[in-house]
Amino acid sequence: SADAEGNMVVGNSPPVRRRASGVPAIVNESTKFVVASIALAFLLVNPSADTCWALLGSVVNSVNGKILKRILNHERPDGAVKADPGMPSSHATSLSYLSVYGAASLVYFKNAAPMLGYPLQLACAAVLVVLGVFLSYLRVRLGYHTAPQVIVGYALGSSTALVWLASGITRIFPLLAENPEMLRVLHSVIIIAIGWFAVSALKWVEDVTRWVKAKLK
């Protein structure tokens, strides 16, 4: 049988949520891969110390989120498509890190995008934050996470972004400026991170393929 929202119900067990459909679902399904691809493309175009440090922080942030998720072992909402722990939301953790790091960089580095000018940089920073909040909210809207799971994920990612950027500005960037050869070490770490991303991307493609096949049935 089905409940009022169309979710399948077996006996007295919690409803089994059907994978959401429509534009919000498509945006949600593709967000993580699209954002990671953009970050990777930016790295290839501009493999500077700033870029490498930002992306290394993204990997550290993601790993911390997964470790915390296993420690807390907090269940997702009833009927969620996935059964693994949901606190904190991995999507919210990653999206908040990237959006807040990007926004904070645009605010701090006044010449980050000279062709735009500082007022437009501030506008772009605001758009990044709003976009990160909206995409994180979709995880609740589509039933993948509870609101607290997304809030904790967003708090973890955004706080990590600010601390990571601050440590880069005060310690890492000056150190790399004095010792340029150390940038090779940072590049090596990033290459390992890219390999990890490639494995994650393959899993994402498999998930999307299964979702598309299910929609065509």
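Summarised in this report is the structure supplied together with it. (Residues numbered from 1 in each chain as written. Predicted model: local features only at pLDDT ≥ 70, side-chain atom pairs only at ≥ 80, totals over all residues. Heavy atoms only, no water.)

Scanning the protein chain from N- to C-terminus turns up 6 helices and 0 strands. Listed by position from the N terminus, the elements making up the protein chain come as α-α-α-α-α-α. Restricting to contacts in the protein chain with at least 6 residues of sequence separation, those with at least 24 account for 68%. Counting only carbon and sulfur atoms, one obtains 70% of the accessible surface of the protein chain, whose full area is about 12500 Å². (Helix = DSSP H or I, 4+ residues; strand = E, 2+ residues; numbered from the N terminus. Contact = heavy atoms within 4.5 Å. Areas by Shrake-Rupley, 256 points an atom, 1.4 Å probe, with all protein chains shown as cover.)

Moving on, we get to the packing of aromatic side chains. The geometry of two aromatic rings is summed up by the distance between their centres and the angle between their planes. Scanning all chains against the criterion turns up 4 aromatic pairs. With 4.2 Å between their ring centres and 15° between their planes, W53 and W164 make a pair best called stacked. Here the residue W53 occupies a position in helix α2 (residues 49-72), and W164 occupies one in helix α5 (residues 147-178), the gap between them amounting to 111 residues. Judged by relative accessible area, which is 9%, W53 ranks as buried. Residue W164 is classed as buried on the basis of its relative accessible area of 16%. Note on F134 and Y137: the rings are 6.5 Å apart at their centroids and 35° apart in plane angle, and the pair reads as tilted. Remark: Y137 and F134 occur in helix α4 (residues 118-141); sequence separation between them is 3 residues, near one turn of the helix. Exposure remark for Y137: the relative accessible area of 44% places this residue in the partly exposed category. Positioned above the aromatic ring of Y118 is the side chain of K110, whose terminal nitrogen or guanidinium carbon lies 5.5 Å from the ring centre. (Phe/Tyr/Trp six-rings, centres within 6.5 Å; stacked < 30°, edge-to-face > 60°. Buried < 20%, exposed > 50% of the residue type's maximum accessible area, 1.4 Å probe, protein only. Lys NZ or Arg CZ within 6 Å of the ring centre and 35° of its normal.)

Turning to the environment of D78, a few remarks are in order. Looking at the secondary structure, you find D78 in the loop between α2 and α3 (90-108). Residue D78 is classed as exposed on the basis of its relative accessible area of 56%. For D78 and T146, which are 68 residues apart along the polypeptide, the C-alpha to C-alpha distance reads 9.5 Å.

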